[in-house]
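Next come the chains, spelled out residue by residue.
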Amino acid sequence: LKTPSDLEAAFCFQVPSSASSGFILYTLSDMAYVVDYVGMLAACLCAQVLGGLWYGPFFGKSWVREMRLNESDMKPTPMPFVVTIGANFFLSFIISNIFAAVVKVVVIQQALMVAGFIWTVTIALRMPHYAFGGRSFLLFLIDSLFDLAIAASMSTILFYRQK
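Now for a quick tour of the structure.

Each value, and the rule that gives it
Residues numbered from 1 in each chain as written. Predicted model: local features only at pLDDT ≥ 70, side-chain atom pairs only at ≥ 80, totals over all residues. Heavy atoms only, no water. Core = buried A, V, L, I, M, F, W, Y, C linked by side-chain atoms within 4.5 Å. Buried < 20%, exposed > 50% of the residue type's maximum accessible area, 1.4 Å probe, protein only. Helix = DSSP H or I, 4+ residues; strand = E, 2+ residues; numbered from the N terminus. 1 Å grid on protein atoms, 1.4 Å probe; cavity = no way out; pocket = protein on both sides within 12 Å on 5 of 7 lines; lining within 4 Å. Points joined across faces, edges and corners; volume = space filled by probe spheres on them. Nonpolar A, V, L, I, M, F, W, Y, C, P; charged D, E, K, R; others polar. Axes fitted to C-alpha atoms, helices over the stretch in contact; angles between N-to-C directions. Parallel < 35°, antiparallel > 145°, perpendicular 65-115°, else oblique. Left-handed = near helix turned anticlockwise from the far one by under 90°. Contact = heavy atoms within 4.5 Å. Polar contact = N/O pair within 3.5 Å; in protein donor to acceptor, adjacent residues only side chain to side chain. Patch = residues over 30% accessible without salt bridge, like charges linked within 9 Å, V, L, I, M, F, W, Y side chains within 5 Å. Areas by Shrake-Rupley, 256 points an atom, 1.4 Å probe, with all protein chains shown as cover. Salt bridge = Lys/Arg side-chain N within 4 Å of Asp/Glu carboxyl O.

## Brief notes about the nonpolar core
Part 1: Core analysis: the largest hydrophobic core is formed by 26 residues, its most contacted members being Leu91, Ile95, Phe99, Ile118, Ile150, Met154 and Leu158.
Part 2: Of all elements in the fold, only α2 (37-58), α3 (60-66), α4 (79-102), α5 (108-132) and α6 (137-162) reach the threshold of two or more residues within this core.
Part 3: Top contributing element to this core by residue count: α6, with eight residues.

What follows is the structure in structure tokens.
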């Protein structure tokens, strides 16, 4: 992969053409779109605020109890916040790219369907970890519904930013 054409060849895919029996070849250069970094930053900040509320006054005590932690065990360090901000920015980047390159989102319901799809993927990936880790169903609900709230809020922000 030394030249742009090599890169395009590596990432090209074929889509059946309804107009003929052939294929239409799409490459990276065919998928020109603009990623809204301001919207991504707004979505990331919204996720941080929602996380502070979710794991603070809304469900904080239940989450600590279900995690089998004591308040004294929790020493604030910057690393979880750095990781969370990075993960939220990455998720907003994924949603923004889905809106721009995969699904032409024109109504809010479509944006929320994208959020629901992302949420079902996270649930499918999370379930075995909670089951094998002996985690409670309440903890699973607290964390999984937070993922839904984050995906829905990010999708909503990014949808209205593209208008």
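## Thoughts on the layout of surface pockets
Part 1: For the largest pocket, the calculated volume is near 1,000 Å³.
Part 2: Lining the largest pocket are 28 residues, with Gly51, Tyr55, Pro80, Thr84 and Phe146 positioned closest to its centre.
Part 3: Of all the elements in the fold, those that place two or more residues in the lining of the largest pocket are α2, α3, α4, α5 and α6.
Part 4: The greatest single-element share of the lining of the largest pocket, amounting to seven residues, is contributed by α4.
Part 5: Of the residues belonging to the lining of the largest pocket, the class tally is 16 nonpolar, eight polar and four charged.

## With respect to the packing of α2 against α6
Part 1: Running from N to C, α2 and α6 cross one another at 150°; their axes reach a closest spacing of 9 Å. One finds that α2 runs roughly antiparallel with respect to α6. By crossing handedness, the relation of α2 to α6 is classed as right-handed. Across the interface between the two elements, Val38, Gly39, Met40, Ala42, Ala43, Cys44, Cys46, Ala47, Leu50, Gly51, Trp54 and Tyr55 of α2 pack against Ile142, Asp143, Leu145, Phe146, Ala149, Ile150, Ser153, Met154, Ile157, Leu158 and Arg161 of α6.
Part 2: Tallied by class, the residues present in the contact of α2 with α6 amount to 18 nonpolar, three polar and two charged.

## What to know about the side chain of Ser155
Part 1: Here Ser155 shows up in helix α6.
Part 2: Within the structure, the side chain of Ser155 is placed 2.9 Å from the backbone oxygen of Ala151, a separation counted as a polar contact.
Part 3: Setting aside anything within four residues of it in sequence, one finds Ser155 in contact with Ile95, Phe99, Ala111 and Ala115.

## A short note on a nonpolar patch on the surface
Part 1: Together, Tyr37, Leu41, Leu45, Phe89, Phe90, Phe93 and Ile94 make up a nonpolar patch on the protein surface, roughly 660 Å² of accessible area in all.
Part 2: Elements with a contribution of two residues or more to the nonpolar patch: α2 and α4.
Part 3: Residue placement: Phe93 occurs in helix α4.

## Digging into the pattern of salt bridges
Part 1: Taken as a whole and judged by the stated rule, the model has four salt bridges.
Part 2: For Asp36, the salt bridge goes to Arg161, with nearest N and O atoms at 2.9 Å. Note that Asp36 is positioned in the loop between β2 (23-26) and α2 and Arg161 in helix α6, a separation of 125 residues in sequence.
Part 3: Put simply, Glu66 and Arg65 hold a salt bridge, and the shortest N to O gap is 3.5 Å.
Part 4: Beyond isolated ion pairs, a larger network of salt bridges with shared partners links Arg126, Asp143 and Asp147.

## Re the packing of α4 against α5
Part 1: Contact geometry of α4 with α5 gives a least axis separation of 11 Å together with a crossing angle of 130°. Classified by the angle between their axes, α4 and α5 sit oblique to one another. As α4 packs across α5, the resulting crossing turns out to be right-handed. Residue-level contacts link Leu91, Ile95, Ile98 and Phe99 of α4 to Ala111, Val114 and Ile118 of α5.
Part 2: Classifying every residue of the contact of α4 with α5 gives seven nonpolar, no polar and no charged.

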